[in-house]
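Per-entry structural report
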Amino acid sequence: MGVANGECVVQGHNRQPLYDPKDTLASIRTQARYMALSLSHLGHDDSAIEKQLYSSGFHPSICYETLSWLKSEAITENDPLEAPNRPL
């Protein structure tokens, strides 16, 4: 059981998270932020982004935190995760 090709693996009713549990919290936040940014650039609204993050296996607190981060400041063009005042 685990992640295969970046997708959530499901067996029965047990949903496995998108990320490897051995990842650090910072890595999990980074994954969620990149996913949220991608969805935002595709035109999804905040509610749809949060639902997609949750359905991808991210913990509800990470989903909420990611949406707060996404709305908190302007995104830079180069690397939004490296923008000033955006701690991981």
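Provided above is the structure to which this section pertains.
Residues numbered from 1 in each chain as written. Predicted model: local features only at pLDDT ≥ 70, side-chain atom pairs only at ≥ 80, totals over all residues. Heavy atoms only, no water.

**A closer look at the overall build of the chain**
The secondary structure content of the chain amounts to three helices and two strands. Taken from the N to the C terminus, the helices and strands of the chain come in the order β-β-α-α-α. Out of the 88 residues in the chain, the part that is buried amounts to 27%. Long-range contacts, defined here as pairs at least 24 residues apart, represent 44% of the contacts in the chain between residues at least 6 apart. Accessible area of the chain: about 5900 Å², with a carbon and sulfur share of 51%. (Helix = DSSP H or I, 4+ residues; strand = E, 2+ residues; numbered from the N terminus. Buried < 20%, exposed > 50% of the residue type's maximum accessible area, 1.4 Å probe, protein only. Contact = heavy atoms within 4.5 Å. Areas by Shrake-Rupley, 256 points an atom, 1.4 Å probe, with all protein chains shown as cover.)

**Some thoughts on the side chain of T66**
Tracing the backbone shows T66 in helix α3 (residues 60-72). Take T66: its relative accessible area is 2%, and that puts it in the buried class. Contact partners of T66, with chain neighbours within four places excluded, come to A32, R33, A36 and L53.

**Considering helix α1 (residues 25-41)**
If you check α1, its first and last C-alpha atoms are 24 Å apart, about what 17 residues at 1.5 Å a residue would give, namely 24 Å. Within α1, the full set of buried residues consists of I28, R29, T30, A32, R33, A36, L37 and L39. Packed against the buried residues of α1 are α2 (46-55) and α3. Downstream of α1 by one or two residues, G43 has phi in the positive range, about 100°. (Expected span 1.5 Å × (residues − 1).)

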